[in-house]
Amino acid sequence: MEELDLSNAGFTTRAIHAGQEPDPAYGALATPIYQTSTFCFDSMEDGIAKFEGTIPGYVYSRGGNPTVRALELKMAAIEGGEDCVATGSGMGAVGSVMIGLLQAGDHVIVGDCVYGCSNVVIRDVLPKFGIEVTPVNTGDLDAVAAAIKPNTKMIYFETPTNPMMRLTDIAGVAQVVGERDIKVVVDNTFAPPPVQYPLACGADIVLHSVTKYLNGHGDVIAGVIVGSADDIAQIKNIGVTKTCGCFCSPFDAFLIIRGLQTLELRVRRHCESALAVARFLESSPAIERVLYPGLESFPDHAIAKKQMNGLYTGILSFELKDGLGGRSRFEAGKQVVNAMKLAHVAVSLGDPASLVQHPASMTHHNVSNEVKASMGITDGIIRYSVGLEDTDDIIADLKQALATL
Ligand code: LCS
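Parameters and conventions
Residues numbered from 1 in each chain as written. Predicted model: local features only at pLDDT ≥ 70, side-chain atom pairs only at ≥ 80, totals over all residues. Heavy atoms only, no water. Core = buried A, V, L, I, M, F, W, Y, C linked by side-chain atoms within 4.5 Å. Buried < 20%, exposed > 50% of the residue type's maximum accessible area, 1.4 Å probe, protein only. Helix = DSSP H or I, 4+ residues; strand = E, 2+ residues; numbered from the N terminus. Domains from an automatic or database assignment. Contact = heavy atoms within 4.5 Å. Near = heavy atom within 4 Å. Polar contact = N/O pair within 3.5 Å; in protein donor to acceptor, adjacent residues only side chain to side chain. Areas by Shrake-Rupley, 256 points an atom, 1.4 Å probe, with all protein chains shown as cover. Nonpolar A, V, L, I, M, F, W, Y, C, P; charged D, E, K, R; others polar. Salt bridge = Lys/Arg side-chain N within 4 Å of Asp/Glu carboxyl O. Pairing = 2+ DSSP bridges. Phe/Tyr/Trp six-rings, centres within 6.5 Å; stacked < 30°, edge-to-face > 60°. Expected span 1.5 Å × (residues − 1). Axes fitted to C-alpha atoms, helices over the stretch in contact; angles between N-to-C directions. Patch = residues over 30% accessible without salt bridge, like charges linked within 9 Å, V, L, I, M, F, W, Y side chains within 5 Å.

Leu71, Met75, Leu281, Leu316, Phe318, Met340 and Tyr384 are the most contacted members of the largest nonpolar core, which has 79 residues in total. If one sorts the elements of this core by residue count, helix 10 (residues 263-283) sits on top with eight residues. Summarising the domain contributions, this core has at least three residues from each of domain 1 (11-260) and domain 2 (263-402). Among residues more than four places away in sequence, those in contact with leucine 71 are Ala86, Cys248, Ala253, Ile256, Ile257 and Leu260. Val85, Val94, Ile205 and Ile225 belong to the second-largest nonpolar core, a separate cluster that totals 22 residues.

Below, the structure is given as structure tokens:
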């Protein structure tokens, strides 16, 4: 058969076909799970050449595996980067980027609101290795420009942020950086393609917790990093995947490849339902505020319109009014969450099932109270990951839960 040219193909065509050739052994269409730790060489010479890289091939699954490679090639095509490395978790991706690209004496600017464990790795662990870290509201481009120092080597942020949903203008940050040797790294977990393409906006590296929308079925923990071939090679070889061992398993890669083929359909549904849920919550008299980039009332809505392709993520956070039925915001939130019948009380997001959680005590429990307050995470904030159930059923469940107040 003729080779398929995907250079002008649409999103889902790429998501289905990129990285996936019929398997050379038997023509299997679904990428086989190469569940092997090692690969046999034809001879000593063959092994030496594969270790040297003078002939292509696999040697040991910690350093590379055909099933995992199919996933990496598919993700590079989906995010529009030269190459990709898959990791054993989203945190493996965060750690790999840091260890792969930074060294003692470097300075990192980090968004002032990030996922709890990312906050710990960047703000608490990196300084132990002589790396300076400055938390900045990266939504404020003047603040980003003011924080840049001669030794700044990386600007790292989430957009939208977990769980406050604040946005950063990715192209704006890239413009502030200009010609300087500073890597712009975006954690795109909350706005996967086709919602947002950080590399096309000027970022150098995009990473994901694949655990969430990319796999999309709530049965895998994994991560990916996409960027230039040089950056990915450095991250893979010096970061925690190959040498420190945080690699993605072939079985998980197989499941993720399967999930990626329906990414557009799932993400579109998550986003459309989330907008409907956000509008419903905003109209409820019990709600103080809804944090969702697709709402016109959201402070960063203009950035959302600029870089989020008309889809605004499947996650939202909200806060109830104080004093409802004599309850504090926290008590009212607890009441509503416990009264939900359809949404499960669980962390994670981007699953088929709707999930609701309390960031202050769950996803961000390992962040100090002082930093939590600076992120704006109060006791009253509830985060809701809108699932793939029928939108009317999700809204009906929220309605009955709010009616118990
Ligand atoms: N980046 C973001 C934005 C995340 O939300 C998470 C996990 C990670 C990285 C780490 O990914 P993991 O190692 O879990 O694959 N966020 C979670 C959350 O909000 N609830 O449970 C995990």
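Neighbouring the ligand are 18 residues, the closest being Met91, Asp187, Ser209, Thr211 and Arg383. One of the side-chain N or O atoms of aspartate 187 is found 2.6 Å from a nitrogen atom in the ligand. At 2.6 Å from an oxygen atom of the ligand is found a side-chain nitrogen or oxygen belonging to threonine 211. The protein chains hide 93% of the 480 Å² of surface that the ligand would expose on its own. Along the lines of polarity and charge, the residues of the shell around the ligand split into six nonpolar, eight polar and four charged. Mapping the shell around the ligand onto the domain boundaries places at least three of its residues in each of domain 1 (11-260) and domain 2 (263-402).

Attention shifts here to the pattern of salt bridges. Here the structure, examined in full by the defined rule, presents 13 salt bridges. Linking arginine 69 and glutamate 72 is a salt bridge whose minimum nitrogen-to-oxygen distance equals 2.9 Å. Taken together, the residues arginine 69 and glutamate 72, both in helix 3 (residues 66-79) and three residues apart, mark about one turn of the helix. Judged by its relative accessible area of 4%, glutamate 72 falls in the buried class. For lysine 334, the salt bridge identified is with glutamate 331, shortest N-O distance 3.5 Å. Separated by three residues within a single helix, lysine 334 and glutamate 331 lie in helix 12 (residues 329-339), roughly one turn from each other. Overlapping salt bridges, with partners in common, bring together Arg69, Glu72 and Asp83 in one network.

Moving on: the domain arrangement of the chain. Split by domain assignment, the chain resolves into domain 1 (11-260) and domain 2 (263-402). Computed over C-alpha atoms only, the centres of domain 1 and domain 2 are separated by 27 Å. Taken together, the 43 residues of domain 1 in the interface contact 39 residues of domain 2. Counting the contacts that link domain 1 with domain 2 gives two salt bridges. With its nearest N and O atoms 2.7 Å apart, the salt bridge here joins arginine 166 to aspartate 300. Put simply, domain 1 and domain 2 have 20 residue pairs in polar contact (both at pLDDT 80 or more) between them. Breaking the side of domain 1 that touches domain 2 down by element, the ones donating at least two residues are helix 1 (11-17), helix 5 (116-125), helix 7 (170-177) and helix 9 (250-260). Looking at the side of domain 1 that touches domain 2 element by element, the count peaks at five residues for helix 5.

A few words on the pairing of strand 1 (residues 83-87). The two faces of the sheet receive side chains in turn, since in a regular strand these alternate between them. Buried residues dominate strand 1, accounting for five of its five residues. What you see with strand 1 is no split at all: Asp83, Val85 and Thr87 on one side and Cys84 and Ala86 on the other are buried throughout. Bridge count for strand 1 against strand 7 (residues 223-227) is five bridges, and the pairing is antiparallel. Residue pairing in the sheet places aspartate 83 in a bridge with glycine 227 of strand 7.

On to the packing of aromatic side chains, then. Applying the stated criterion across every chain yields a total of two aromatic pairs. When the centroid spacing of 5.6 Å and the interplanar angle of 35° are considered together, the rings of phenylalanine 39 and tyrosine 58 count as tilted. Placement of the pair is phenylalanine 39 in the loop between helix 1 and helix 2 (44-52) and tyrosine 58 in the loop between helix 2 and helix 3, with a sequence separation of 19 residues. According to the relative accessible area criterion, phenylalanine 39 is buried, its value standing at 17%. Judged by centre distance (6.2 Å) and plane angle (70°), the ring pair of phenylalanine 41 and phenylalanine 51 falls under edge-to-face. Of this pair, phenylalanine 41 sits in the loop between helix 1 and helix 2 while phenylalanine 51 sits in helix 2, placing them ten residues apart in sequence.

Moving on to helix 10. A rise of 1.5 Å per residue sets the reference length of helix 10, with its 21 residues, at 30 Å; its end C-alpha atoms lie 30 Å apart and thus fit the reference within 8%. Turning to helix 10, its buried residues number three or more, namely Leu263, Glu264, Arg266, Val267, His270, Cys271, Ser273, Ala274, Val277, Ala278, Phe280 and Leu281. Those residues of helix 10 hidden inside the fold are in contact with helix 1, helix 3, helix 9, strand 8 (287-291), strand 9 (315-320) and helix 14 (391-403).

Along the polypeptide, threonine 138 turns up in the loop between strand 3 (132-136) and helix 6 (141-147). For threonine 138, the residues in contact, after removing those within four places along its chain, are Gly111, Val144, Ile155, Phe157, Thr168 and Val173.

This part is about the sheet that holds strand 10 (residues 344-345). Spatially, the five strands line up as an open sheet ordered 8-9-12-11-10, and their pairing is mixed. The open sheet has two edge strands with one neighbour each: strand 8 and strand 10. Helix-sheet contacts for helix 10 involve strand 8 and strand 9, and the interaxial angle to strand 9 is about 10°.

On to a nonpolar patch on the surface. Residues Val345, Val347 and Met362 make up a contiguous nonpolar surface patch of about 230 Å² in total accessible area. One can find valine 345 in strand 10.

What follows is about unusual backbone geometry. Cis rather than trans, the peptide bond between threonine 159 and proline 160 has omega equal to 0°. Mapping proline 160 onto the fold places it in the loop between strand 4 (152-158) and helix 7. In this model, asparagine 162 is joined to proline 163 through a cis peptide bond whose omega is 5°. Among the secondary structure elements, proline 163 is positioned in the loop between strand 4 and helix 7.

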